[in-house]
Amino acid sequence: GAGVSQSPSNKVTEKGKDVELRCDPISGHTALYWYRQSLGQGLEFLIYFQGNSAPDKSGLPSDRFSAERTGGSVSTLTIQRTQQEDSAVYLCASSLGPETDTQYFGPGTRLTVL
Amino acid sequence: SQQGEEDPQALSIQEGENATMNCSYKTSINNLQWYRQNSGRGLVHLILIRSNEREKHSGRLRVTLDTSKKSSSLLITASRAADTASYFCATDNSGNTPLVFGKGTRLSVIA
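Residues numbered from 1 in each chain as written. Chains lettered and ligands numbered in written order. Predicted model: local features only at pLDDT ≥ 70, side-chain atom pairs only at ≥ 80, totals over all residues. Heavy atoms only, no water.

What's the story with the state of the cysteines in this structure? I'm lost.
As enumerated under the stated definition, the model contains two disulfides over all chains in all. Across a sulfur-sulfur distance of 1.8 Å, Cys23(A) and Cys92(A) are joined as a disulfide pair. Sign of the S-S torsion, about -65° for the bond between Cys23(A) and Cys92(A), identifies this disulfide as left-handed. Of the two residues, Cys23(A) is situated in strand S3 (residues 19-24) and Cys92(A) in strand S9 (residues 88-95); the sequence distance between them amounts to 69 residues. The burial state of Cys23(A) is the same as that of Cys92(A); both residues are buried. In this model, Cys23(B) is linked to Cys89(B) through a disulfide, with the two sulfur atoms separated by 2.0 Å. Across the S-S bond linking Cys23(B) and Cys89(B), the dihedral sits near 65°, which makes this disulfide right-handed. Here Cys89(B) lies in strand S9 (residues 85-91) and Cys23(B) lies in strand S3 (residues 19-24), a separation of 66 residues in the sequence. (Disulfide = S-S within 2.5 Å. Helix = DSSP H or I, 4+ residues; strand = E, 2+ residues; numbered from the N terminus. Buried < 20%, exposed > 50% of the residue type's maximum accessible area, 1.4 Å probe, protein only.)

What follows is the structure in structure tokens.
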């Protein structure tokens, strides 16, 4: 079956612009996660959704970052007024049930802020 | 806060050799998972070991878990060039929190 998909795969933007990243989880997966990974680094947890609600937003680095999930499916991560330090690969994952389940990752969106 | 820490940060071996990567964590867990990442893109789940298990095998992978030492190891036997990737451990903190990933071990297998 289809895996997790993310779009766009690459995004180049200018400093100060807003960007929107999209994640389509595996159908039927209730939990959805966003991570950020800078070059050569580990995963930085941003936010996760159980259904449409986000019990844990602790990882969002600033109020320029927001995310929503509608219909228990697609999620969008929005970064307002992008900064150069926002450049990274943004990874989305989903899991069937509880937060400790195996996570299935999308291919990521590589964001470059010039 | 960081839960899992992989060791070493980088490992380079010859094809055919075994590769061992370690993961240490801080709090009690329900399970520990290992993931693989190629070329900085999406991670792929390799294996999950539960806190009441000590060893688990999957193909050329062998995972051990020592809850008394709060550590796990991932052994890849008879490595191949295609095993070149970054390997991450992830733990669940025994609570309703998402998995916490370590910083990873970058494995290079030289043909």
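From this point, the narrative continues.
I'm lost on the interface of chain B and chain A in this one. Help?
Interfaces are frequently sized by the accessible area removed from exposure as the parts join. Contacts between the two partners involve 22 residues from chain B and, on the opposite side, 23 residues from chain A. Buried surface at the junction of chain B and chain A, summed over both partners, amounts to about 1,600 Å²; 51% is from carbon and sulfur atoms. The largest contributions to the chain B side of the interface with chain A come from Arg41(B), Pro98(B) and Phe101(B), which together make up 36% of the buried area. Along the contact surface separating chain B from chain A lie zero salt bridges. Of all elements in the fold, only strand S4 (31-37) and strand S5 (43-50) of chain B reach the threshold of two or more residues within the side of chain B that touches chain A. Broken down by element, the residue count for the side of chain B that touches chain A peaks at four residues, all from S4(B). Considering only residue class, the side of chain B that touches chain A consists of seven nonpolar, eleven polar and four charged. (Contact = heavy atoms within 4.5 Å. Buried area = accessible area lost by both parts, 1.4 Å probe. Salt bridge = Lys/Arg side-chain N within 4 Å of Asp/Glu carboxyl O. Nonpolar A, V, L, I, M, F, W, Y, C, P; charged D, E, K, R; others polar.)

How do you make sense of unusual backbone geometry when you look at a structure like this?
Following Ser7(A), the chain continues into Pro8(A) via a peptide bond in cis, with omega recorded as -10°. Along the chain, Pro8(A) turns up in the loop between strand S1 (5-7) and strand S2 (10-13). In this model, Asp7(B) is joined to Pro8(B) through a cis peptide bond whose omega is 0°. For Pro8(B), the location among the structural elements is in the loop between strand S1 (5-7) and strand S2 (10-14). Its identity as a non-glycine residue notwithstanding, Arg81(A) has a phi of 45°, on the positive side. The topology assignment puts Arg81(A) in the loop between strand S8 (75-79) and S9. Phi is positive for Ala78(B), close to 45°, though the residue is something other than glycine. Along the chain, Ala78(B) turns up in the loop between strand S8 (71-76) and S9.

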